[in-house]
Amino acid sequence: MASKRGALIVLEGVDRAGKTTQCKKLVQALQQSGHPAETMRFPDRSTTIGQLISAYLEKKSDLEDHTVHLLFSANRWELVPVMKKKLEQGITLVVDRYAFSGVAFTSAKPGFCLDWCKRPDVGLPKPDLVMFLQLNPAEAALRGQFGNERYETSAFQKSVQEKFEQLMKDPSVNWKVIDASQNVEGVHADIRTHSLNAINETQNMPLGELWK
Ligand code: 2DT
């Protein structure tokens, strides 16, 4: 029998929901329980495309809205060979944001529909599990101020949240909503349980294609 593949696990959520902290904690916990695991994040700002995106997010450059959407997608596609290789090697990937952020953020801009936004990401490796860290704006506000990057305003984040809610109605994606208002350990326990289930359930199944 072919060796077992790793699971593709994605964390999504609005600003300050704790995605990055939880990704790190999950990878540590998986490694400690004998499951090889690594984190990844999108955008990956280290590539040439990632550097264009980073300058845009830091407001050091302006890019036309469709153009930057396609760059975010291209940044995922350029990492697909690496992702597939790791998954085949049995490494579980814990990914901080993916195509769902891509669609939610662009479609929150005027003049964009969900369908157009999804197109460039159709066929990407399909996550075995997508956890949405749910946090209401009042609780997010208690966690401190917004940063200075593009998109970090409460009005924009509210429309992003609405777009995520539309995306979560799609039953072809294995969404789990996590209550991110719990303390860090409580959130981690929920995430770990869902992740271990996903790893066990998908290890002998082929990787799917997103939105296809
Ligand atoms: P962080 O690096 O702090 O997560 O912020 N975004 C992200 C998009 O607009 N499209 C995408 O495809 C992705 C992955 C979300 C990155 C910012 O970029 C936004 C916040």
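Residues numbered from 1 in each chain as written. Predicted model: local features only at pLDDT ≥ 70, side-chain atom pairs only at ≥ 80, totals over all residues. Heavy atoms only, no water.

If you look the chain up in an unreviewed UniProt entry, it shows as Thymidylate kinase from Poecilia latipinna. Its UniProt record, at the heading Pathway (unreviewed entry), says of the chain: "Pyrimidine metabolism; dTTP biosynthesis." Of the comments in the UniProt record for the chain, the one headed Sequence similarities (unreviewed entry) reads "Belongs to the thymidylate kinase family." (UniProt positions renumbered as here; feature names shortened; annotations may be inferred.)

(A) Main features of the packing of aromatic side chains. Tallied over the full model, the rule gives 10 aromatic pairs. A centroid spacing of 5.5 Å and a plane angle of 80 degrees characterise the contact between Phe100 and Trp211, whose relative ring orientation is edge-to-face. A residue pair is termed long-range when its members are at least 10 positions apart, and Phe100 in helix 5 (residues 99-107) and Trp211 in the segment after strand 7 (208-209) qualify at 111 residues. Taking the relative accessible area as the measure of exposure, Phe100 reaches 1% and is therefore buried. Put simply, the rings of Phe42, Tyr98, Phe100, Trp175 and Trp211 touch in pairs and so form one group of aromatic residues. (Phe/Tyr/Trp six-rings, centres within 6.5 Å; stacked < 30°, edge-to-face > 60°. Helix = DSSP H or I, 4+ residues; strand = E, 2+ residues; numbered from the N terminus. Buried < 20%, exposed > 50% of the residue type's maximum accessible area, 1.4 Å probe, protein only.)

(B) Broad picture of the site of the ligand. Residues in contact with the ligand amount to 13 residues; listed here are only the nearest, Arg45, Phe72, Arg76, Arg97 and Gly102. Arg45 has a polar side-chain atom sitting 3.0 Å from an oxygen atom of the ligand. The protein chains hide 90% of the 470 Å² of surface that the ligand would expose on its own. Taking a 2 Å distance to the grid points as the criterion, the majority of the atoms of the ligand fall inside the largest pocket. (Near = heavy atom within 4 Å. Polar contact = N/O pair within 3.5 Å; in protein donor to acceptor, adjacent residues only side chain to side chain. Areas by Shrake-Rupley, 256 points an atom, 1.4 Å probe, with all protein chains shown as cover. 1 Å grid on protein atoms, 1.4 Å probe; cavity = no way out; pocket = protein on both sides within 12 Å on 5 of 7 lines; lining within 4 Å. Sits in = over half its atoms within 2 Å of the grid points.)

(C) Representation of the packing of helix 2 (residues 48-57) against helix 3 (residues 65-77) within the structure. Between helix 2 and helix 3, whose axes approach to 9 Å, the crossing angle comes to 135 degrees. The orientation of helix 2 relative to helix 3 falls into the category oblique. Classified by chirality, the crossing of helix 3 by helix 2 is left-handed. Contacts between helix 2 and helix 3 involve Ile49, Gly50, Leu52, Ile53, Tyr56 and Leu57 from the first element and Asp65, Val68, Leu71, Phe72, Ala74 and Asn75 from the second. (Axes fitted to C-alpha atoms, helices over the stretch in contact; angles between N-to-C directions. Parallel < 35°, antiparallel > 145°, perpendicular 65-115°, else oblique. Left-handed = near helix turned anticlockwise from the far one by under 90°. Contact = heavy atoms within 4.5 Å.)

(D) Examining the environment of Leu11 more closely. Positionally, Leu11 belongs in strand 1 (residues 8-13). Between the C-alpha atoms of Leu11 and Val94, which are 83 residues apart in sequence, the distance is 7.5 Å. Dropping the residues within four chain positions of it, Leu11 is found in contact with Lys19, Gln22, Cys23, Val94, Val95, Asp96, Arg97, Met131, Leu133 and Ile191.

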